[in-house]
Amino acid sequence: MIKYNLTCKCGEKFESWFLNSAEFDSLYKKKIIKCIHCDSSVIKKSVMAPNVSSKSNKISKKTKVEKNIKKQLLDFRKYIEKNCKNVGDNFTQEARSIHYDKKTSKGIYGKATLEETAELIDEGIEVATIPWIEKSEN
Ligand SMILES: [Zn+2]
């Protein structure tokens, strides 16, 4: 994507995004690019704003990555909810009982404090902490 600052014959400046300079040329020739102030297609391309353009690109990439991570975490959450037992606040206790009594092979999930999690890991109990993404978040 490339961003052009455009100046209209009316003197107003506005900016617009294009796929590339060829797209701009083609839209310009077809008079599709119009001034947002007076609707004239007599516009001039002025200096590009590469800084703004690259910055915006970075932001959109980051957002995309964040969305992917969120989706993965959400999938992970769904998987856990489907395959593991929710023990809520009893997580530490239940994790120990599974580890020491070996009663069940079914996984559990629930809440534990950082200290509790550290203790479990010290005891050789496999614990993973994952961010618990709310389903309502997009
Ligand atoms: Zn204008």
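So, a few notes on the structure that sits alongside this text. Bear in mind that the values here come from a model prediction, so they are computed numbers and not experimental data. (Residues numbered from 1 in each chain as written. Predicted model: local features only at pLDDT ≥ 70, side-chain atom pairs only at ≥ 80, totals over all residues. Heavy atoms only, no water.)

With respect to the overall build of the protein
Short version of the rule: Numbering of helices and strands runs from the N terminus; a helix is a DSSP stretch of H or I covering at least four residues, while a strand is a stretch of E covering at least two. Any residue under 20% of the maximum accessible area for its type is buried, any over 50% is exposed, and the rest in between are partly exposed; the area is computed with a 1.4 Å probe on protein chains only. Should any heavy atoms of two residues lie within 4.5 Å, those residues are counted as being in contact. The protein chains shown are the only cover counted for residues, whose accessible areas, like all others here, come from Shrake-Rupley with a 1.4 Å probe.
Secondary structure summary: the protein contains 4 helices and 5 strands in total. Going through the 138 residues of the protein one by one, you find that 25% of them count as buried. Taking contacts inside the protein between residues at least 6 apart in sequence as the whole, the part at least 24 apart equals 47%. When the accessible area of the protein is evaluated, it comes to approximately 10,300 Å², of which 53% is carbon and sulfur surface.

Focus on the coordination of the zinc ion
What counts, and what does not: Counted as coordinating are nitrogen, oxygen and sulfur atoms within 2.8 Å of the metal, or 3.2 Å for Na, K and Ca, while water is not included, which may make sites look incomplete. In short, tetrahedral needs four donors with all angles between 85 and 135 degrees, square planar needs four and octahedral six donors with opposite donors over 155 degrees apart and all other angles between 65 and 115, and whatever is left is irregular.
Note on the zinc ion: its protein donors are Cys-8 (SG), Cys-10 (SG), Cys-35 (SG) and Cys-38 (SG). The metal-donor distances range over 2.3 Å. One can describe the donor arrangement at the zinc ion as tetrahedral, given that its 4 donor atoms subtend angles of 99 to 121° at the metal. In the primary structure, the donors to the zinc ion are separated according to the pattern C-x1-C-x24-C-x2-C. With a gap of 28 residues between them, Cys-10 in the loop between β1 (2-8) and β2 (13-18) and Cys-38 in the loop between α1 (21-29) and β3 (43-48) connect regions that are remote in the sequence.

Topic: the packing of helix α3 (residues 91-101) against helix α4 (residues 114-122)
Formally: Note on method: axes are straight lines fitted to C-alpha atoms, helices fitted across the in-contact stretch only, with angles between N-to-C directions ranging 0 to 180 degrees. We call two directions roughly parallel when the angle between them is under 35 degrees, roughly antiparallel when it is over 145, roughly perpendicular when it lies between 65 and 115, and oblique otherwise. Put simply, Ala, Val, Leu, Ile, Met, Phe, Trp, Tyr, Cys and Pro go in the nonpolar bin, Asp, Glu, Lys and Arg in the charged bin, and everything else, Gly too, in the polar bin.
At a closest axis distance of 10 Å, the pairing of α3 and α4 adopts a crossing angle of 10°. The pairing of α3 with α4 is recorded here as roughly parallel in orientation. Two secondary-structure elements touch here, α3 through Phe-91, Thr-92, Ala-95 and Arg-96 and α4 through Glu-116, Glu-119 and Leu-120. For the contact of α3 with α4, the residue count by class is 3 nonpolar, 1 polar and 3 charged.

Re the packing of aromatic side chains
Selection criterion: A pair of aromatic rings is counted whenever rings of Phe, Tyr or Trp (Trp by its six-membered ring) have centres within 6.5 Å, and the orientation is called stacked for planes under 30 degrees apart, edge-to-face for over 60 and tilted otherwise.
Counted according to the given criterion, the structure contains 4 aromatic pairs. Where Tyr-4 meets Phe-18, the ring centres are 5.8 Å apart and the plane angle is 40°; that geometry is what we call tilted. Of the two residues, Tyr-4 sits in strand β1 while Phe-18 sits in strand β2, which places them 14 residues apart along the sequence. With a relative accessible area of 4%, Tyr-4 lands in the buried category. Relative to Tyr-28, the ring of Phe-24 has its centre 5.7 Å away and its plane inclined at 15°; by these criteria the two rings are stacked. One end of the pair is Phe-24 and the other is Tyr-28, both in helix α1 and 4 residues apart, which spans about a single turn. Among the residues examined, Phe-24 registers a relative accessible area of 4% and is labelled buried. For Tyr-28, a relative accessible area of 33% corresponds to the partly exposed category. A network of ring pairs unites the aromatic residues Tyr-4, Phe-18, Phe-24 and Tyr-28 as a single cluster.

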